[in-house]
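# Fold and contact review
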Protein chains: 2
Amino acid sequence: HRSMAMAKREKGLAVRPVPAPVPEAPTPSATPVSATAPTSARSVKWGDLEDAAGGLERPLLRQRGSNTTSQMAVVGTNVCPIESLDYEIVENDVYKQDWRSRGRIQIFQYQVLKWLMALLVGSFVGLVGFFNNIAVENIAGYKLLLTSNLMRQNRNLEAFLLYMACNAVLAGSAAAICAYLAPAAAGSGIPEVKAYLNGVDAHSILAPSTLFVKIIGSILGVSAGFMLGKEGPMVHTGACIAAMLGQGGSRRYGLTWNWIRYFKNDLDRRDLITCGAAAGVTAAFRAPVGGVLFALEEATTWWRSALLWRTFSTTAVSAIVLRSLIEYCRSGNCGLFGKGGLIMFDVSSRVTTYTATDIAAVILLGILGGLLGALFNHFVDRILRRYGVINEKGAPYKILMTVFISLVTSCCSFGLSSLSPCVPCPPELAPGKCPTIGRNGNYKKFWCPAGHYNALASLFFNTNDDAIRNLFSGGTDSEFGVYTLLTFFIGVYTLGLITYGVAVPSGLFIPVILSGASFGRLVGKVFGSGLDTGLFAIVGAASFLGGTMRMTVSVCVILLELTNDLLLLPLIMLVLLVSKTVADCFNKGVYEQIVRMKGLPFLEVHADACMRSLVASDVLSGPVITFSSVERVGSVVNTLRRTGHNGFPVIEEEPFAPAPELCGLVLRSHLIVLLNGRTFTRAPVKTGAAEVFRKLNPFDFAKVGSSGKAMEVDELRLTEEEMDMYVDLHPITNRSPYTVVENMSLAKAAVLFRDLGLRHMCVVPRTPGRPPVLGILTRHDFMPEYIRGLFENVLRFSFFCTYLSI
Amino acid sequence: HRSMAMAKREKGLAVRPVPAPVPEAPTPSATPVSATAPTSARSVKWGDLEDAAGGLERPLLRQRGSNTTSQMAVVGTNVCPIESLDYEIVENDVYKQDWRSRGRIQIFQYQVLKWLMALLVGSFVGLVGFFNNIAVENIAGYKLLLTSNLMRQNRNLEAFLLYMACNAVLAGSAAAICAYLAPAAAGSGIPEVKAYLNGVDAHSILAPSTLFVKIIGSILGVSAGFMLGKEGPMVHTGACIAAMLGQGGSRRYGLTWNWIRYFKNDLDRRDLITCGAAAGVTAAFRAPVGGVLFALEEATTWWRSALLWRTFSTTAVSAIVLRSLIEYCRSGNCGLFGKGGLIMFDVSSRVTTYTATDIAAVILLGILGGLLGALFNHFVDRILRRYGVINEKGAPYKILMTVFISLVTSCCSFGLSSLSPCVPCPPELAPGKCPTIGRNGNYKKFWCPAGHYNALASLFFNTNDDAIRNLFSGGTDSEFGVYTLLTFFIGVYTLGLITYGVAVPSGLFIPVILSGASFGRLVGKVFGSGLDTGLFAIVGAASFLGGTMRMTVSVCVILLELTNDLLLLPLIMLVLLVSKTVADCFNKGVYEQIVRMKGLPFLEVHADACMRSLVASDVLSGPVITFSSVERVGSVVNTLRRTGHNGFPVIEEEPFAPAPELCGLVLRSHLIVLLNGRTFTRAPVKTGAAEVFRKLNPFDFAKVGSSGKAMEVDELRLTEEEMDMYVDLHPITNRSPYTVVENMSLAKAAVLFRDLGLRHMCVVPRTPGRPPVLGILTRHDFMPEYIRGLFENVLRFSFFCTYLSI
């Protein structure tokens, strides 16, 4: 899975300089380490279990090596080091002192800030969504106008060449900014946001450059006529905007206040980014409730009731901003941006009384949608791996490939439309309605004679939003023939597959909705159901969305908000139930697949089956590196230089305690800040918190945002004399780290780790007379790949527990 | 808060025999216990902190007593003992052996069962919802028909008396079955379901008798013309149905299978009950998405992504069942049940372009709604406490009070309508539309002359559902005058307050929606906005719902699904934002208030501020009672008899371990089953799991459902000889209990306890050479009342941390 990332690292082909990976905690150092958990403890343990299980024969578990899981992952097409986020409250003296000093005003400021941020995120995302749409409508509209004008003069070859050239240029420029400025902006971005909200941080996921390229690249990519959407990128954009606002100001530019530090932690940032992602969906689909549900169902790992309320407010603001801007544009102030653009299929309400045949057709559609959706996921995975190899070769290759795919797409859409015959307009339509020329509209003229339209061009030779609107439209049963729909479906399905993975911001919603809608219409036509085929298109889109993304409630609500037709609800629910169930038999949802493929260490909801046979100490690797509660400065500095760990247990030793005991956990970032404060003593004595506060501000310990830069250990420049002095770690030690006993079942330890959103978890011994801490468990120690690598024979037991993961 | 429950218990006035309370774990036994946490540890700890805080003066915390929190709570109007639910996986050898023995078929069965149950719950709740509606429509319709007929003959006094008598009889019978059969069925039921889903179990919450009375009582109560709804009771009904189906069959009637035991745990039951509650909302409002969101936002404490999907399926099934039954009734097969009945306000879509004045009106409506909602909550709390005193006096008093309130309601609705003047029908309406006579419809004739209608009677002299429909209806701006609306609003608001709390199943949704809708229309009229006043009624209902229940997304979606008008969304969101924010300044949501008043130990999302200054060992009370891993039978039996604790730490001692160490945790119920298996030995030796499995089945250890009865220790009947023998506790000991170190911050321990849904949490010492377990923390130890009672001076610090609870 991680081969891509690892291969890249080994070859040194990374596009941007890759800093040395910073593992979380005791992953192996240079020296190979044998199994370190005390053998005595283990033998006791297994003896117990064997006895306990009633003499059942259990294979002796052998630990094979140490944790070598990759600390790198692919973000967009960018390989970068990853770190975990930490949602634990670090209850050290600095923190305690800090909150004791807070007045009511600061608490009020903090609350106001939280809400202000959320509402700001909502408005900004709404604005960006509007800008995005207006830009796409204008660029793509101008392109289509030019081409149509040439065709009206019967200069068809020129029209084709112009169309192809426009697309290629747009595609090339999108790929260029993406490849050179921010490779992390390629792709949908939803997997990356999902991983971030699961606690995986990589600098480039939410960097400002990513935001810039995501917006511009998405506009260019959609305008280039690719079979891709702007919805996924909008989610990523929303998250990026939230991350930027959640920086808590910039110290470099003096744009910061002291009290803003209360906001500078991973937890508040996570909440804000959740709001941003929800606002992104809202801005893309104009679906505020759908946005909240998307965040809840697909994006987040942790959810709180208070968050529902804040997210809802954010999406409400987003929706209101969008709505008022569209009102403004209705009067024609926005260039080629007309009524359309923003996906909002005001499909008129149809009478929906359905018979048993209709239900059967819908169930069939659900089954086929599930199958085709699972197949789509399978191919996406395959194709992404192939593309990964090409993308690794460097920026020029990325651009070339993008342009190539653009040419293929142009040929498809123009060529297939050309091969499609002209159909006479239905006589009941008003003359202005059929055929239409130019930017959008149904019944496209293409190069047909007067009074005729080209059915395939009505779908292909349009923006994707307009194609969806045409497919969803009611009362157009006879517009698209079976062959037209079949051709379009195959075209879209294939183009959607080969397009995702090019180095351009590209969402998956639109290709899936388009292929689902055309397939739905096809089934409706073939089945000869009495229902409107436009309705079948909506149901088909739902079935494909359920089959690929495996979202249910959010898809349902988004489609409801798109079509404004509540009477469709039972049909949509039914088809989603069927398609998701069918697709779940084959593989996972497309975003989960991509997360896994990119090597992002995602903590699953359910502990892997293999963990059930293991205990916490089984997966500990490497010798644990601890500090004494009053430690020599040189020793701290050297350890920080030598290892990349982010958390170290602190041991209370003589003379501060009669026997060694666990004092707590100290973070690398806090250690560096403390050392920089130079509160050193010549002898090992407790200096206490007061000394620290004289030299340092609680703000100094706040976590820097994703655009900030934390101090490195090498920037400390300590003198030889200082290196020989002592530093009191008590003030920065988290006195309440979460701990598990060594013989805790690994599955239960994983539940604890995930549910509380930890970064480090201390493993303590069960029996007295041993070191007070045996090791630290981090995210990587809970990765199934790592555990399965450690204990191959545990695999035998794994299927017993799969039922728990339902 | 708990005085009601405790007073009742002391007076011995409980309606049903109250079993001795079974506390969770080491709460104090008869002997008063002094502060037990080792003083040495404490002094070290506080010394540390003082030092750490930089010499800050901190008051010495004094522990004042032991945990005497009530183990009783009020369910409906029934005082009964409560227990906690346990969502931890009890990883003992029985469990391990059990899952090792599961084949693929059993796993498949388990999965199928889970889904089957959920879908069954959905259909049953849908059926009950339909039955409920049809019964109400028929009973209330018949009542209104009779009265109308008398009025048509101008026998107005007789009509009034008949109306009053009908109402009183219906109310009396509802109160009678509620008071005598199942006092737990009184009230809304949502607070009880909320508490159950938080982990508080009381036998009567989900008992079959409660279900029966809830359904019948709700029908009678609504038919009696009370100002109450059937929505809250439907949620409770849904939860009860789910609980009954989730029993995992009945062993008494042989209706059980061996593999069904995998389902017999609190976790799976909780999931199913969540589905049931969601289906209840769906059946009440015909709002499947709203049901899911209600469950998510209001009902549950824990939520998983997988649950979203299952809940959604349940509500989908519910909605489909309801829909098809209504289709069937359209043809007139259901007596007086016509088109209406099921709340589904097919309010036609209005053009909604709003001006700044409209927005201002909506914001004002939000502010007023928030204020009036908060006031409503305040009065509900006051009135419920008053009623509690009356209800305590016994069943006859409950019935008398109910009948009295019914008479007041009848006088109000008939009397106020009589005082209202007759208004000529608007000329543009068809003759059949105004005036209407009989069961439902707008523009009620009451006793007006031909061609006239009585505006107040159109609201009062109707079922509540029809009154809401009339208020929501568009194009009826002039139907209700300002004074009519004002009178109705004051009447409904007051009646709603005095009705909730009578011993009848009674929901709060309908009174709140009714008063909100009338108030909204009033504001719309007074403001003279250009928008339809029917639209203002909807917005007003939203503002009141936001102000009392503090739900946002779910109210929004429920109202959308009710009105089928998506264009209202921005207005509803805006008004909800405002009203919730305003109301939150004054008090908590109405359900949370009631939960607290009833003495249900609800674990809040955020640890109380006072916990931040304490550590885990500070709240430990009573000496911890432990067992040796191989214990004398007599000692186990005596301990079980003497204490009511549900969990006991097991200590591994000589000769099984060189020094005492924590082996795990054993549950009371498992101990009794094990003792009943009589796997005793004469000498203290390990018998191992095999011996246990020879005599007992893993099924025997499964938790009994709420209608079952677990074995008591007194039923064991052990001989004197057996009492002197030894029993090996290893096979039933949970080897992986969650533990915290004694100096763990109490706030962080609370997060662990709540997020993982624990029932017992072991506190272990930090320093060696002490007993391996210092105590057990349970739900009651985290109750703010208890902690504040223990340490009065901690209160000083509390406001510092309130910001964390936003």
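Residues numbered from 1 in each chain as written. Chains lettered and ligands numbered in written order. Predicted model: local features only at pLDDT ≥ 70, side-chain atom pairs only at ≥ 80, totals over all residues.

## Looking at the overall build of chain A
Defined as follows: A run of H or I in DSSP counts as a helix once it spans at least four residues, and a run of E counts as a strand once it spans at least two, with each numbered from the N terminus. Note on burial: count the other C-beta atoms lying within 10 Å of the residue's C-beta; 20 or more is buried, 12 or fewer is exposed, in between is partly exposed, and C-beta positions come from the backbone. Contacts are defined on C-beta atoms placed from the backbone: any two residues whose C-beta positions lie within 7 Å are in contact.
Helix and strand counts for chain A come out as 27 helices and 15 strands. A total of 806 residues make up chain A; the buried ones form 59% of that total. Across chain A, the fraction of contacts at a sequence separation of at least 24, relative to all contacts at a separation of at least 6, is 81%.

## Considering the sheet that holds strand β7 (residues 627–628) of chain A
For sheets, the rule is that strands pair by backbone hydrogen bonds, running either parallel or antiparallel. Residues and elements named next belong to chain A. What counts, and what does not: Paired strands are those between which DSSP finds at least two bridges.
Strand order in this open sheet of three strands is β7-β9-β10, and the pairing throughout is mixed. Of all the strands in the sheet, the pair left with one neighbour each is β7 and β10 (661–667). As paired elements, β7 and strand β9 (residues 647–652) share two bridges and run parallel to each other. For F627, the partnering residue across the bridge sits in β9 and is V650.

## Observations concerning the interface of chain B and chain A
How we decide: Under the scheme applied here, ten amino acids are nonpolar (Ala, Val, Leu, Ile, Met, Phe, Trp, Tyr, Cys and Pro), four are charged (Asp, Glu, Lys and Arg), and all others, including Gly, are polar.
Across the boundary between the two partners, chain B contributes 75 residues, which contact 75 residues of chain A. Per-element accounting of the side of chain B that touches chain A gives the leading share, 10 residues, to helix α11 (residues 305–330) of chain B. The class makeup of the residues in the side of chain B that touches chain A is 42 nonpolar, 16 polar and 17 charged.

## A closer look at the sheet that holds strand β13 (residues 739–741) of chain A
All names here are of chain A. Let me state the cut-off plainly: Here the axes come from fitting lines to C-alpha atoms, over the contacting stretch only for helices, and the angles between their N-to-C directions go from 0 to 180 degrees.
One open sheet holds the three strands; their spatial order is β13-β14-β15, and the pairing between them is mixed. Looking at which strands have only one partner, the edges of the open sheet turn out to be β13 and β15 (775–777). Taken over all neighbouring pairs, the strand axes of this sheet differ in orientation by 35° on average, direction set aside. Where strand β14 (residues 761–764) lies against β15, three bridges are found, and the strand directions are antiparallel. Directly across from V763, in β15, lies its bridge partner G775.

## Re the relation of the copies chain B and chain A
So the rule is basically this: Each copy is superposed on the other by least squares, with the fit set by C-alpha atoms of residues at a pLDDT of at least 70 in both.
Each copy superposes on the other: chain B lies on chain A with an RMSD of 0.1 Å after a rotation of 180° and an axial shift of 0.0 Å. The transformation just described matches what one would write down for a two-fold rotation axis. Most of the interface of chain B is mirrored in chain A: 100% of its interface residues are interface residues there too.

## Structural notes on helix α8 (residues 231–245) of chain B
Cut-off, in case you're wondering: Multiplying one less than the number of residues by 1.5 Å gives the expected span of a helix.
For α8(B), built from 15 residues, the straight-helix expectation of 21 Å at 1.5 Å per residue is met to within 8% by its first-to-last C-alpha distance of 21 Å. Of all 15 residues in α8(B), 15 are buried, a share of seventy percent or more.

## Quick word on the packing of helix α11 (residues 305–330) of chain A against helix α20 (residues 569–584) of chain B
Operational definition: Note that the term roughly parallel is reserved for angles under 35 degrees, roughly antiparallel for angles over 145, roughly perpendicular for angles of 65 to 115, and oblique for everything else. Throughout, a crossing is termed right-handed when the near helix is turned clockwise from the far one, and left-handed when it is turned anticlockwise from it by less than a right angle.
Running from N to C, α11(A) and α20(B) point in directions that differ by 140°, and their axes come no closer than 10 Å. The angle between α11(A) and α20(B) places the two elements in the oblique class. As for the relative orientation of α11(A) and α20(B), their crossing is left-handed in sense. Along its contact with α11(A), which presents A:S313, A:A316, A:A319, A:I320 and A:R323, the element α20(B) presents B:P570, B:M573 and B:L577.

## Observations concerning the packing of helix α4 (residues 104–152) of chain B against α11(B)
Residues and elements named next belong to chain B. At a closest axis distance of 8 Å, the pairing of α4 and α11 adopts a crossing angle of 35°. As α4 runs across α11, the sense of the crossing is right-handed. Residue-level inspection shows A118, L119, V121, G122, S123, V125, G126, L127, G129 and F130 of α4 in contact with α11, the latter providing R310, S313, T314, T315, V317, S318, V321, L322 and L325. Tallied by class, residues from the contact of α4 with α11 come to 10 nonpolar, eight polar and one charged.

## Digging into unusual backbone geometry
Residues and elements named next belong to chain A. P655 follows E654 through a cis peptide bond whose omega is 5°. Summarising the element assignment, P655 is placed in the loop between β9 and β10. Not every positive phi belongs to a glycine, and R550 is a case in point at roughly 60°.

## A short note on the nonpolar core
To be explicit about the condition: Think of a nonpolar core as buried Ala, Val, Leu, Ile, Met, Phe, Trp, Tyr and Cys residues chained together by C-beta atoms that fall within 7 Å.
Judged by nonpolar contacts, the single largest core of 368 residues is most densely connected at A:V121, A:C178, A:I572, B:V121 and B:I572. In this view, A:V121 contacts A:I241, A:A242, A:L245, A:L272, A:C275, A:G276, A:A279 and A:T314; residues no more than four positions away in its chain are not counted. If you look at the next biggest cluster of nonpolar residues, it comprises 129 residues, including A:V637, B:V94, B:A689 and B:V740.

## Brief notes about the environment of A:F226
All names here are of chain A. With respect to the element layout, F226 can be found in the loop between α7 (208–223) and α8 (231–245). On the basis of neighbour counts, which here come to 28 C-beta atoms within 10 Å, the residue F226 falls in the buried class. Spatially, the C-alpha atoms of F226 and P81 are 31 Å apart, while their sequence positions differ by 145 residues. With sequence-adjacent residues up to four places away left out, F226 is seen in contact with A171, G221, S406, T409, T499, V504 and S506.

## With respect to the environment of B:V727
Note that B:V727 resides in strand β12 (residues 726–728). For the pair B:V727 and B:A749, spaced 22 residues apart in the sequence, the C-alpha separation amounts to 33 Å.

## Some remarks on the pairing of strand β1 (residues 72–75) of chain A
Each regular strand carries side chains that alternate between the two faces of the sheet. By the alternation rule, side chains of β1(A) split into A:M72 and A:V74 and A:A73 and A:V75, which are all buried. Hairpin connection of β1(A) to strand β2 (residues 78–81) of chain A: two residues between the antiparallel strands, including A:G76 at a positive phi of 65°.

## With respect to the pairing of strand β10 (residues 661–667) of chain B
All names here are of chain B. The element β10 is extensively covered by neighbouring structure, given that seven of its seven residues are classed as buried. Bridge count for strand β9 (residues 647–652) against β10 is six bridges, and the pairing is antiparallel. Counted as the bridge partner of V650 is G664 from β10.

## Quick word on α11(B)
Helix length check: α11(B) (26 residues) gives 38 Å between terminal C-alpha atoms against 38 Å at 1.5 Å per residue, within 8%. Just beyond α11(B), the residue with positive phi is B:G332, at close to 85°.

## Thoughts on the environment of A:T552
Turning to its location among the elements, A:T552 is positioned in the loop between α18 (533–548) and α19 (553–563). By C-beta crowding, A:T552 is classed as buried, having 27 other C-beta atoms within 10 Å. Expressed as a C-alpha distance, the spacing of A:T552 and A:W99, which sit 453 residues apart in the sequence, is 42 Å. Once residues lying within four places of it in the same chain are set aside, the contact partners of A:T552 are A:G546, A:L576, A:K580, B:W309 and B:F312.

## Here we look at the confidence of the model for chain A
All names here are of chain A. Heads up, the condition is: For every residue, the predictor reports its confidence as pLDDT, a number between 0 and 100.
Overall, the predicted model of chain A reaches an average pLDDT of 81, with 84% of residues at or above 70. Predicted confidence is poor over residues 1–65, with pLDDT under 50, and the contacts of this stretch with residues over four places away or in other chains come to 130 contacts. Considering only residues more than four positions removed or in separate chains, one finds that residues 797–806, a stretch of pLDDT under 50, has 21 contacts. Scoring the predicted complex yields pTM 0.86 and, for the interface, ipTM 0.85.

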